[in-house]
Amino acid sequence: NAGVTQTPKFQVLKTGQSMTLQCAQDMNHEYMSWYRQDPGMGLRLIHYSVGAGITDQGEVPNGYNVSRSTTEDFPLRLLSAAPSQTSVYFCASSTGTPNTGELFFGEGSRLTVL
Amino acid sequence: AQTVTQSQPEMSVQEAETVTLSCTYDTSENNYYLFWYKQPPSRQMILVIRQEAYKQQNATENRFSVNFQKAAKSFSLKISDSQLGDTAMYFCAFYNTNAGKSTFGDGTTLTVKP
């Protein structure tokens, strides 16, 4: 059972570089979301999607883009990396039927921006 | 917007004893779910327990139970017969059914001592 797969698990970038964090789920979940986790803080919502072709901003969307062209994939793009984006990123999915909000998480991606 | 507050950044408990983690939330919604997730040192996020807001009965899962006080907007987690494997960070989360997104508290780091 693959569940939610995130790649890469670790990445080091230089300020100004761009990259994409990949997220794929094989559970046919309608809802997908991206969170960042900083030391001493909980998970903060970056962007989320309630279905293919639909995305919306969360609490901390600045500096990130997303798209949802298929049900399975929800990539997160950093357009011009900044040191403030050093964090651990989690992708999660949940089913809309029933709409309980139980999240299934990927293993996380640790990003360091120098 | 919803807020979730976990007022205990760190807690410790002796093996086999009982510990209670606190969580309060603020919302004007009537239709929502509440969760406790566990994050061990492996970083993987794991669902511990779920509570439907429309249910008065407190949820239980083996050694884990909640005290859900809807009027007080309180949702505490009780861990009975604590085990060394319970050492982890615990996050309280609120799911807004209408919006399709979750809000997390800042977490409580629990250490179970032998």
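Everything that follows concerns the structure shown earlier in this document.
Residues numbered from 1 in each chain as written. Chains lettered and ligands numbered in written order. Predicted model: local features only at pLDDT ≥ 70, side-chain atom pairs only at ≥ 80, totals over all residues. Heavy atoms only, no water.

Student: Explain the side chain of Asn99 of chain A to me, and be specific about the residues and the numbers.
Tutor: Inspection of the secondary structure puts Asn99 of chain A in the loop between β9 (87-94) and β10 (104-105). Only 2.4 Å separates the side chain of Asn99 of chain A from the side chain of Tyr95 of chain B, close enough to count as a polar contact. Among the polar contacts made by the side chain of Asn99 of chain A, one reaches the main-chain carbonyl oxygen of Thr97 of chain B at a distance of 3.2 Å. If we skip the residues at most four places from it in the chain, Asn99 of chain A touches Tyr31 of chain A together with Tyr33, Tyr95 and Thr97 of chain B. (Helix = DSSP H or I, 4+ residues; strand = E, 2+ residues; numbered from the N terminus. Polar contact = N/O pair within 3.5 Å; in protein donor to acceptor, adjacent residues only side chain to side chain. Contact = heavy atoms within 4.5 Å.)

Student: Outline the packing of aromatic side chains, listing residues and values.
Tutor: Each aromatic ring pair is specified by the distance between its two centres and by the angle formed by the two planes. Evaluation of the coordinates by the stated rule reveals 14 aromatic pairs over all chains. Relative to Phe75 of chain B, the ring of Trp36 of chain B lies with its centre 6.2 Å away and its plane at 25°, an arrangement referred to as stacked. Residue Trp36 of chain B is located in strand β5 (residues 32-39), and its partner Phe75 of chain B is located in strand β9 (residues 74-79); the two are separated by 39 residues in the primary sequence. When sorted by exposure, Trp36 of chain B lands in the same class as Phe75 of chain B, which is buried. Here the aromatic residues Tyr35, Phe90 and Phe105 of chain A together with Phe35, Tyr37, Phe91 and Phe104 of chain B are joined through ring pairs into a cluster of three or more. (Phe/Tyr/Trp six-rings, centres within 6.5 Å; stacked < 30°, edge-to-face > 60°. Buried < 20%, exposed > 50% of the residue type's maximum accessible area, 1.4 Å probe, protein only.)

Student: Could you give an account of the pairing of strand β6 (residues 46-52) of chain B, with specific residues and numbers?
Tutor: Residue and element names in this part refer to chain B. Where β5 and β6 come together, 6 bridges link them in antiparallel fashion. Note on β6: the bridge partner recorded for Tyr33 is Glu52. The hairpin formed by β5 and β6 contains 6 residues between the paired strands, and Arg43 there has a positive phi angle of roughly 85°. (Pairing = 2+ DSSP bridges.)

Student: Give me the sheet that holds strand β8 (residues 76-78) of chain A: which residues, what numbers.
Tutor: All names here are of chain A. The antiparallel open sheet is built from 4 strands, whose spatial order is β1-β3-β8-β7. Only two strands of the sheet have a single partner each, and these edge strands are β1 (4-7) and β7 (64-66). Here the strands of the sheet are splayed against their neighbours by 20° on average, with no regard to which way each runs. Relative to β8, strand β3 (residues 19-25) runs antiparallel, the two being bridged by 3 bridges. Following the sheet pairing, Leu21 is matched in β8 by Leu76. (Axes fitted to C-alpha atoms, helices over the stretch in contact; angles between N-to-C directions.)

Student: Can you tell me about the state of the cysteines, naming the residues and giving the values?
Tutor: All names here are of chain A. Applying the stated criterion to the full structure yields 2 disulfides over all chains. In this model, Cys23 is linked to Cys91 through a disulfide, with the two sulfur atoms separated by 1.9 Å. Around the S-S axis, the bridge from Cys23 to Cys91 shows a dihedral of about -75° and counts as left-handed. Highlighted residues: Cys23 in strand β3 and Cys91 in strand β9, separated in sequence by 68 residues. (Disulfide = S-S within 2.5 Å.)

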